[in-house]
Amino acid sequence: MLLEGKNVLITGASRGIGRATAIECARHGADVALNWFKDREGMEETLAEVARLGRHAVEVEGDVARPESAERFVSAAAAALGGVDVFVSNAGICPFHAFLDTPLEVFERTMAVNLHGAYYMTQAAARQMKQQGTGGALIAISSISALVGGGMQAHYTPTKAGVHSLMQSCAIALGPYGIRCNSVMPGTIATDINREDLADPAKRAYMEKRIPLGRLGEARDVAGCVVFLASDLARYVTGASVLVDGGLFVNLQ
Ligand code: NAD
Ligand code: RM4
């Protein structure tokens, strides 16, 4: 029970890594506030899973790309749960597309959701934590793609480098308030974000072959690392990043 008594906020919690994180946090004794967008059905499933674990969950609808969603989410969560201890910036999209003809709107939307959204949300959560005066933990779901490229991801990888950089700067800005800021860098985790991409058997086999642990990741593989960074076990960890990739990044030869 690493998170007993803590309130954890998670964006994009209706499926995938966000849902797994909500469940793992609840399993460790946390109450959760969950942001979702255009996916009520998925959100209902996440809420049911948290309820099965006997923890309290509140949901707040909102597009993270809109600045006003951040203040709304954080204030609703703080009011319902009584405060904010941990904030996980997870919501993200990755519309795979060749670089040379990526439509402007695909680039702009990816930046707006993944990077601008993470910034607005992180800032709102940090303001709340500072006001509470009891410290806290901010965790961004970055990616192995913050460190290496992807030919069909030139609009996406800079957003993941961006949120990692955001956590580094926030670690400095917020250290004096006892707020720790870290990023998690998942490798290739089988979720809906890459379902279509990995439906190509050759691509899937290629990715699997590159991973020393011999399999794609599962959402809960990432959630465990988030729980650690959120917990007091990580009390002296800030400005760090943790790869959760089955060894993919280091596998040169
Ligand atoms: P997913 O598609 O299963 O989940 C994404 C979640 O974000 C969904 O709940 C979706 O509704 C939500 N979302 C999308 N746009 C939103 C918006 N504008 N406002 C609020 N919520 C929104 O994908 P996932 O794999 O769980 O991705 C979660 C995060 O993990 C993303 O930031 C992604 O970049 C990152 N990541 C994923 C992988 C991977 O291999 N799956 C690897 C590295 C990083
Ligand atoms: C990740 C990484 C994975 C990809 C997902 C969509 O950041 O690039 O390989 O499948 O994004």
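Remember, predicted model here, so these are calculated numbers, not experimental data.

Calculation rules
Residues numbered from 1 in each chain as written. Chains lettered and ligands numbered in written order. Predicted model: local features only at pLDDT ≥ 70, side-chain atom pairs only at ≥ 80, totals over all residues. Heavy atoms only, no water. Near = heavy atom within 4 Å. Polar contact = N/O pair within 3.5 Å; in protein donor to acceptor, adjacent residues only side chain to side chain. Areas by Shrake-Rupley, 256 points an atom, 1.4 Å probe, with all protein chains shown as cover. Helix = DSSP H or I, 4+ residues; strand = E, 2+ residues; numbered from the N terminus. Nonpolar A, V, L, I, M, F, W, Y, C, P; charged D, E, K, R; others polar. Expected span 1.5 Å × (residues − 1). Buried < 20%, exposed > 50% of the residue type's maximum accessible area, 1.4 Å probe, protein only. Contact = heavy atoms within 4.5 Å. Right-handed = clockwise from strand over helix to strand, strands pointing away. Pairing = 2+ DSSP bridges. Patch = residues over 30% accessible without salt bridge, like charges linked within 9 Å, V, L, I, M, F, W, Y side chains within 5 Å. Salt bridge = Lys/Arg side-chain N within 4 Å of Asp/Glu carboxyl O. Axes fitted to C-alpha atoms, helices over the stretch in contact; angles between N-to-C directions.

Caption draft 1: Just the site of ligand 1, in detail. Of all residues adjacent to ligand 1, which total 29 residues, the nearest are Ser14, Ile17, Asn90, Tyr156 and Thr191. Within the backbone of Asn90, a nitrogen or oxygen atom sits 2.7 Å from an oxygen atom of ligand 1. One nitrogen or oxygen atom from the side chain of Asn194 is found 3.2 Å from an oxygen atom belonging to ligand 1. Here ligand 1 loses 93% of its free accessible area of 820 Å² to cover by the protein chains. Sorting the residues of the shell around ligand 1 by element identifies helix H1 (16–27) and helix H4 (104–132) as the ones contributing at least two each. For the shell around ligand 1, the residue count by class is 11 nonpolar, 13 polar and 5 charged.

Caption draft 2: A look at the site of ligand 2. Near ligand 2 the following residues occur: Cys94, Phe96, Ser143, Ser145, Gln153, Tyr156, Gly187, Thr188, Ile193 and Asn194. Between ligand 2 and Tyr156 there is a distance of 2.7 Å, counted from an oxygen atom to a side-chain nitrogen or oxygen. The contact in question runs from an oxygen atom of ligand 2 to an N or O atom on the side chain of Asn194, over 3.0 Å. Considering ligand 2 on its own, with 290 Å² of exposed area, one finds that the protein chains cover 89% of that surface. A class-by-class count of the residues in the shell around ligand 2 yields 4 nonpolar, 6 polar and no charged.

Caption draft 3: Looking closely at helix H7 (residues 219–230). For H7, which comprises 12 residues, the first-to-last C-alpha distance of 17 Å matches the rise-based estimate of 16 Å (1.5 Å per residue) to within 8%. Of all the positions in H7, only Ala219, Val222, Ala223, Cys225, Val226, Val227, Leu229 and Ala230 are classed as buried. Those residues of H7 that are buried lie in contact with H1, strand S4 (86–89), strand S5 (136–141), strand S6 (179–186) and strand S7 (241–244).

Caption draft 4: How the structure looks around the pairing of strand S1 (residues 7–10). On S1, burial covers both faces: Asn7 and Leu9 on one face and Val8 and Ile10 on the other are all buried. Remark: the S1/H1/strand S2 (residues 31–36) crossover connection has right-handed handedness. Note that S1 and S4 share 3 bridges and pair parallel. Within the sheet, the bridge partner assigned to Val8 lies in S4 and is Val86.

Caption draft 5: Here's a closer look at a nonpolar patch on the surface. Together, Leu147, Val148, Leu243, Phe249 and Val250 give the surface a local cluster of nonpolar side chains, amounting to about 410 Å² of exposed area. With respect to the helices and strands, the residue Val250 is situated in the segment after S7. Judged by relative accessible area, Val250 falls into the exposed class, the value being 65%.

Caption draft 6: Representation of the sheet that holds S5 within the structure. Read from one edge to the other, the open sheet built from 7 strands follows the order S3-S2-S1-S4-S5-S6-S7, with strand pairing classed as parallel. At either margin of the open sheet sits one strand with a lone partner, and together these are strand S3 (57–61) and S7. Strand-to-strand twist across the sheet, computed as the mean angle between neighbouring axes with direction ignored, equals 15°. With 6 bridges connecting them, S5 and S6 associate as parallel partners. Considered in S6, the bridge of Ala140 is made with Ser183. Contacts from helix H3 (residues 67–81) reach S1, S2, S3 and S4, with the element oriented near 155° to S2.

Keep in mind these numbers describe shape, not what the thing actually does.
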